[in-house]
Amino acid sequence: MEPKTPNESRTLMTDMVLPSETNPLNNLFGGELLARMDRAASIAARRHSRRITVTASVNHVAFNRAVPLGSVVTVEAKVSRAFRTSMEVFLDVWMEDRFTGERSKANEAIYTFVAVDETGVPTEVPPLQPETDLEKERFAAALRRKQLSLVLAGKMKPSEATELKALFLAP
Ligand SMILES: CC(C)(COP(=O)(O)OP(=O)(O)OC[C@H]1O[C@@H](n2cnc3c(N)ncnc32)[C@H](O)[C@@H]1OP(=O)(O)O)[C@@H](O)C(=O)NCCC(=O)NCCS
């Protein structure tokens, strides 16, 4: 299969924060943001694989900043690495100040999707060719994150997570 670049899967979802989507502090409810990120990541994984894709795991979510009611929120999703049948999708969440229009990074997350056939059996995806420095950095670290996710899910023995172990043993 021909390699694809992260830009080929780039997905942008822009929406505003409505009163029904907020917590008692009038900030975006975490579960609402998770759902928006899952949808954007699913589209990015589909664009990369051109297959049905399912969420296998949410590897990391950082709710660094509260997103106030009325904010314009953009979720940007890109495949950061493709393995055999799974893809890591990196999400950057931006918010736009409603008065100045200034855009700032609010949150980020990392999801894993698996491409499946019509019967739900995992199927191969094209490799990913990162281009920018940030894409190369995310690509390089993705294998460690995959190993950590598999260890936490009980699908890999810690002793087999070679790249992950090397991170902790590095001088
Ligand atoms: C995701 C799913 C297809 C994986 O099935 P499986 O039997 O574990 O399949 P495999 O062991 O062949 O794994 C398939 C790929 O997923 C990866 N994978 C599985 N679980 C993972 C996890 N927790 N974290 C990261 N990767 C994972 C495997 O490493 C493998 O990747 P690779 O082929 O690129 O090396 C299966 O668990 C599933 O259908 N889950 C439900 C998905 C769903 O409904 N999501 C929505 C939730 S509401």
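For the structure given in this document, a descriptive report is provided here. A quick note: this is a predicted structure, and the numbers were derived from the prediction, not measured. Per chain, the residues get numbers from 1 upward, laid out in the order the sequence is written. Thresholds applied to this predicted model are a pLDDT of at least 70 for local features of residues and 80 or more for the giving and counting of side-chain atom pairs; totals over whole chains, interfaces and linings are not thresholded and use all residues.

Structural notes on the overall build of the protein chain
Link 1 in the chain: Counting from the N terminus, the helices are DSSP H or I runs at least four residues long and the strands are E runs at least two residues long. Across its full length, the protein chain carries 3 helices and 5 strands.
Link 2 in the chain: When the helices and strands of the protein chain are read in sequence order from the N terminus, they spell out β-α-β-β-β-β-α-α.
Link 3 in the chain: Scaling as 2.2 N^0.38, a compact globule of 171 residues should have a C-alpha radius of gyration of about 16 Å, and the protein chain matches this with 17 Å.
Link 4 in the chain: The C-alpha extent of the protein chain, read off along each of the three principal axes, is 50 × 40 × 30 Å.
Link 5 in the chain: Across the 171 residues of the protein chain, 32% fall into the buried class. C-alpha atoms define the radius of gyration, and 2.2 Å times the number of residues to the power 0.38 defines the globule rule. Here exposure depends only on C-beta density: within 10 Å of a residue's C-beta, 20 or more other C-beta atoms make it buried, 12 or fewer make it exposed, and intermediate numbers make it partly exposed, the C-beta atoms being placed from the backbone.

Considerations on the environment of Lys 105
Link 1 in the chain: In this structure, Lys 105 sits in strand β5 (residues 103-116).
Link 2 in the chain: What makes Lys 105 exposed here is the crowd of 12 C-beta atoms within 10 Å.

Some points on helix α1 (residues 30-49)
At 3.6 residues per turn, the α-helix brings residues three or four places apart onto the same side.
Link 1 in the chain: When the terminal C-alpha atoms of α1 are compared, their 28 Å separation across 20 residues agrees well with the 28 Å that a helix rising 1.5 Å per residue should span.
Link 2 in the chain: Buried residues of α1: Leu 33, Arg 36, Met 37, Ala 40, Ala 41, Ala 44, Ala 45, His 48 and Ser 49, and no others.
Link 3 in the chain: Placing C-beta atoms from the backbone, we regard two residues as in contact once those atoms come within 7 Å. Where the residues of α1 are buried, they touch β1 (11-16), β2 (52-62), β3 (72-82), β4 (86-96) and β5.
Link 4 in the chain: A positive backbone phi angle near 55 degrees is found at Arg 50, which sits one or two residues after α1. A helix is expected to span 1.5 Å for every residue after the first.

Regarding the site of the ligand
Link 1 in the chain: The ligand sits among 18 residues. The nearest are Phe 83, Arg 84, Thr 85, Ser 86 and Ser 149.
Link 2 in the chain: Just so you know the grouping, Ala, Val, Leu, Ile, Met, Phe, Trp, Tyr, Cys and Pro go in nonpolar, Asp, Glu, Lys and Arg go in charged, and all remaining residues, Gly too, go in polar. Looking at side-chain class alone, the shell around the ligand contains 8 nonpolar, 7 polar and 3 charged residues. A residue counts as near a molecule or strand when its C-beta atom, positioned from the backbone, falls within 6 Å of it.

Considering the nonpolar core
Link 1 in the chain: Formed by 32 residues in total, the largest nonpolar core has its most connected members in Met 37, Ala 41, Val 89, Leu 91, Tyr 111 and Phe 113.
Link 2 in the chain: Those elements giving two or more residues to this core turn out to be α1, β3, β4, β5 and α2 (133-152).
Link 3 in the chain: The biggest single contributor to this core is β5, with 7 residues. To define a nonpolar core, we join buried Ala, Val, Leu, Ile, Met, Phe, Trp, Tyr and Cys residues through C-beta atoms within 7 Å and take the resulting set.

Some words on the environment of Phe 83
Link 1 in the chain: Turning to its location among the elements, Phe 83 is positioned in the loop between β3 and β4.
Link 2 in the chain: Using a count of 16 C-beta atoms within 10 Å as the deciding quantity, one classes Phe 83 as partly exposed.
Link 3 in the chain: Taking the C-alpha atoms as reference, Phe 83 lies 36 Å from Glu 102; in sequence the two are 19 residues apart.

So, the packing of α2 against helix α3 (residues 162-169)
Link 1 in the chain: To get an axis, fit a line to the C-alpha atoms, keeping to the stretch in contact for a helix; angles then go from 0 to 180 degrees between the N-to-C directions. In the contact formed by α2 and α3, the axes pass within 7 Å of each other and the chain directions differ by 105 degrees. It follows that α2 is roughly perpendicular to α3 by the angle criterion. Taken together, the residues of α3 that come into contact with α2 (itself represented by Leu 143, Arg 144, Gln 147 and Leu 148) are Glu 163, Leu 164 and Leu 167.
Link 2 in the chain: Looking at the contact of α2 with α3 residue by residue, the class counts come to 4 nonpolar, 1 polar and 2 charged. Orientation labels follow simple angle bins: below 35 degrees gives roughly parallel, above 145 gives roughly antiparallel, 65 to 115 gives roughly perpendicular, and whatever is left gives oblique.

Some thoughts on the pairing of β4
Link 1 in the chain: Most of β4 sits inside the fold, with 8 of its 11 residues counted as buried.
Link 2 in the chain: Connecting β3 to the next strand, β4, in antiparallel fashion are 3 residues.
Link 3 in the chain: In this analysis, strands are considered paired if DSSP registers two or more bridges between them. Pairing of β4 with β5, which is carried by 11 bridges, proceeds in the antiparallel orientation. Bridge pairing links Glu 96 to Arg 103 in β5.

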